[in-house]
Amino acid sequence: MTVLVLDNPELIANAAIAAGFTTANFEAGTRRPHRMKFHYGFNKHALGSDDVAFLRQHASYLRNHPAISVRIHGHSDNFGSEDYNRFLSRLRANAVARFLMQEGVAESRIFMSHWGSDRPLATPEDRAANRRVELEYLTMDVARAL
């Protein structure tokens, strides 16, 4: 079996429109947003405008599902010292957490991990793929165990 994975927001949006989905589907916050990774430029931690749109969908989903929490995993590439990379991954995770809180998600439902370059998504040489934040949804039972 062949599986095609799309991580191109424009292609995914076009496919969703072709399938009959509208922004009203997401504004209701009833469906979990599909995009769980947000990539960054070199030495950056500010959210891009595309990221903000998707994070609004996550915030809406979390507001409508109070039994679900989110863990934000901050990552960096392997360029520079590991201390700085951990600091940068923390800034990235904090930017996402602050945005979700501004959108009405309670701070008590947000957990963070900052990994620096310890958990690359791709090979260490593929630095652009490794500069990211990932969202992981948790049920309250799992969140309490952490």
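Residues numbered from 1 in each chain as written. Predicted model: local features only at pLDDT ≥ 70, side-chain atom pairs only at ≥ 80, totals over all residues. Heavy atoms only, no water.

A word on the overall build of the chain. Counting its secondary structure elements, the chain contains 6 helices and 4 strands. Shown N-terminal to C-terminal, the secondary structure of the chain runs as helices and strands in the order α-α-β-α-β-α-β-α-β-α. When each of the 146 residues of the chain is scored for burial, the buried share is 36%. Considering only contacts within the chain whose residues lie at least 6 apart along the sequence, 77% involve residues at least 24 apart. Total accessible area computed for the chain in this model is approximately 8,500 Å², and 55% of it derives from carbon and sulfur atoms. (Helix = DSSP H or I, 4+ residues; strand = E, 2+ residues; numbered from the N terminus. Buried < 20%, exposed > 50% of the residue type's maximum accessible area, 1.4 Å probe, protein only. Contact = heavy atoms within 4.5 Å. Areas by Shrake-Rupley, 256 points an atom, 1.4 Å probe, with all protein chains shown as cover.)

One pass over the structure, following the stated rule, counts 5 salt bridges. For the salt bridge of Asp77 with Arg131, the shortest nitrogen-to-oxygen distance reads 2.9 Å. One end of the pair, Asp77, is in the loop between strand E2 (68–74) and helix H4 (82–102); the other, Arg131, is in the loop between helix H5 (127–130) and strand E4 (132–139), with 54 residues separating them in the sequence. Judged by its relative accessible area of 4%, Asp77 is buried. A salt bridge links Glu134 to Arg132, with the shortest nitrogen-to-oxygen separation between them at 2.6 Å. (Salt bridge = Lys/Arg side-chain N within 4 Å of Asp/Glu carboxyl O.)

With that settled, consider the sheet that holds strand E1 (residues 37–39). Sheets are built from strands paired through backbone hydrogen bonds, the pairs being either parallel or antiparallel. Pairing is mixed across the open sheet formed by 4 strands, whose spatial order is E1-E4-E2-E3. With partners counted over all chains shown, the strands left at the sheet margins are E1 and strand E3 (110–114), one partner each. Strand-to-strand twist of the sheet, defined as the mean angle between neighbouring strand axes without regard to direction, takes the value 20°. Sheet analysis places E2 next to E4, joined by 7 bridges and oriented antiparallel. Counterpart to Gly74 in the pairing with E4 is Val133. (Pairing = 2+ DSSP bridges. Axes fitted to C-alpha atoms, helices over the stretch in contact; angles between N-to-C directions.)

Here we take up the nonpolar core. One finds Ile72, Val96, Leu100 and Leu135 to be the most contacted residues of the largest nonpolar core, which totals 22 residues. Those elements that provide at least two residues to this core are helix H3 (49–64), E2, H4 and E4. For this core, the leading source of residues is H3, giving 6 residues. The contact partners of Ile72, leaving out residues within four places of it in the chain, are Ala93, Val96, Ala97, Leu100, Ile110, Phe111, Met112, Ser113, Val133, Glu134 and Leu135. (Core = buried A, V, L, I, M, F, W, Y, C linked by side-chain atoms within 4.5 Å.)

So, on to the packing of aromatic side chains. Tallied over the full model, the rule gives 3 aromatic pairs. Taking the centre distance of 5.4 Å and the plane angle of 70° together, the rings of Phe42 and Phe79 count as edge-to-face. Placement of Phe42 in the loop between E1 and H3 and of Phe79 in the loop between E2 and H4 is noted, with a sequence separation of 37 residues between them. Look at Tyr61 and Tyr137: their rings are 5.2 Å apart centre to centre, the planes differ by 55°, and that puts the pair in the tilted class. With a gap of 76 residues between them, Tyr61 in helix H3 and Tyr137 in strand E4 connect regions that are remote in the sequence. The same class applies to Tyr61 and to Tyr137, which are both buried. (Phe/Tyr/Trp six-rings, centres within 6.5 Å; stacked < 30°, edge-to-face > 60°.)

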